[in-house]
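An overview of the molecular structure
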Amino acid sequence: MSQDLPFYIPVGNEVALFELAWKHRLPLLLKGPTGCGKTRFVAHMAARLARPLYTVSCHDDLTAADLTGRYLLKGGDTVWSDGPLTSAVRSGGICYLDEVVEARKDVTVVLHPLTDDRRILPLDRTGEVLRAPDDFMLVVSYNPGYQNILKQLKPSTRQRFVAIEFDFPPPELERGIVATESGLPEARVQPLILLAGRLRALKGHDLEEGVSTRLLVYCATLIAAGVDLREAVQATMIEPLSDDPEVKMGLEEVVRAVFG
Ligand SMILES: Nc1ncnc2c1ncn2[C@@H]1O[C@H](COP(=O)(O)OP(=O)(O)OP(=O)(O)O)[C@@H](O)[C@H]1O
Ligand SMILES: [Mg+2]
């Protein structure tokens, strides 16, 4: 494997599944909590397959034209400009739509003919109908944890994807990931992993989401830079999780139980 791939440690069979989905021209849906490695995984796979990656963070103002493209005024002329989805289709790249449930309905209309066996992208504005080359792949992700019921993907959309569920890496792997990302030795990362496990167990009671691998990397990075352990924990594993004083007190209790 090449040295300059974005660092990613596989947790299950996701690398093989991604490669198979790509090879067989099947779109992929990744679901999982915030900060568990979905974006990093897609970056890693795009580099591994040597395909260009077009990433779009979806939000409720995102229109189909933001993905497909639009005519722009350039020096008195109107010139067509491809959006990221169109660029990915034209170049045989990977288009990654992050938080796809946030996108408006007209976006899913664009995705449907691309994600069944037609694999076409009709561009109404230019009159073109692009046929996706074999190299093209659509990957979408979302976090099922904090979606309200209205924002769930329609069955007709979700049933167009091969889906992989992500979660935080198991402790042995997460320790290695956090150590590599932060430069903090594994022995010093270990208690943070233990703490994260305890904090994650509180999810659902008072917390919407458990502490993410991303926050663990932040914590270890601060500690490696010389910040006091307690201060780093407060700033990365308590404050970002909640604003509620009672919930924070509960979290601090867990910290005391682990670190004494
Ligand atoms: N398996 C892994 N291998 C390497 N790094 C990982 C892995 N899992 C998580 N990470 C680390 O966690 C960080 C957060 O991951 P990432 O940004 O991919 O999360 P995400 O699932 O896309 O979150 P969000 O839903 O908030 O976008 C990465 O920057 C990386 O440092
Ligand atoms: Mg992400």
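Summary of the structure given here.

Analysis parameters
- Sequence order sets the numbering: in each chain, residues are counted from 1 along the sequence as written.
- Going through the entries in the order they are written, you letter the chains from A and number the ligands from 1.
- Confidence filtering applies because this is a predicted model: local features only for residues at pLDDT of at least 70, side-chain atom pairs given and counted only at 80 or more, and all residues used for totals across whole chains, interfaces and linings.
- Calculation of side-chain values draws on the structure's entire complement of heavy atoms; hydrogens and water are dropped beforehand.
- For the purposes of this entry, the term helix denotes a DSSP run of H or I that reaches at least four residues, the term strand denotes a run of E that reaches at least two, and both are numbered from the N terminus.
- Only protein chains enter the accessibility calculation, which uses a 1.4 Å probe; a residue whose area is less than 20% of its type maximum is buried, one above 50% is exposed, and one in between is partly exposed.
- Residue contacts follow a heavy-atom distance rule, with two residues in contact if any of their heavy atoms lie within 4.5 Å.
- For every accessible area listed, the method is Shrake-Rupley and the probe measures 1.4 Å; residues are considered covered only by the protein chains on display.
- Charge convention: Lys and Arg are scored as positive, Asp and Glu as negative, and His as well as the terminal groups of each chain are ignored.
- Taken as the charge centre is NZ of Lys, CZ of Arg, CG of Asp or CD of Glu, depending on the residue.
- Throughout this document, a residue counts as near a molecule or strand when at least one of its heavy atoms sits within 4 Å of that molecule or strand.
- Identification of polar contacts relies on pairs of N or O atoms within 3.5 Å, with a donor-acceptor requirement for protein atoms, meaning one able to donate a hydrogen and the other able to accept it, and with residues adjacent in sequence counted only if both atoms are side-chain atoms.
- Start and end positions for the domains come from either an automated domain assignment or a database one.

Considering the overall build of the protein
- What the protein contains, in helices and strands, is 11 helices and 9 strands.
- Across its three principal directions, the C-alpha atoms of the protein cover 65 × 40 × 40 Å.
- In the protein, which comprises 260 residues, the share counted as buried stands at 45%.
- Long-range contacts, defined here as pairs at least 24 residues apart, represent 71% of the contacts in the protein between residues at least 6 apart.
- Summed over its atoms, the accessible surface of the protein is roughly 13200 Å², and 52% of this surface lies on carbon and sulfur atoms.
- Seen as two clouds, the 29 positive and the 35 negative side-chain charges of the protein have centres 5 Å apart.

Regarding the site of ligand 1
- Around ligand 1 lies a shell of 16 residues, among which Ile-9, Thr-34, Gly-35, Thr-39 and Glu-181 are the nearest.
- Ile-9 has a polar backbone atom sitting 2.7 Å from a nitrogen atom of ligand 1.
- Between Arg-214 and ligand 1, the recorded distance is 3.0 Å, taken from a side-chain N or O atom to an oxygen atom.
- Protein contact buries 89% of the 640 Å² of open area that ligand 1 shows by itself.
- Of all the elements in the fold, those that place two or more residues in the shell around ligand 1 are α2 (38-48), α7 (171-182) and α9 (213-224).
- For the shell around ligand 1, the domains that each give at least three residues are domain 1 (14-165) and domain 2 (171-259).

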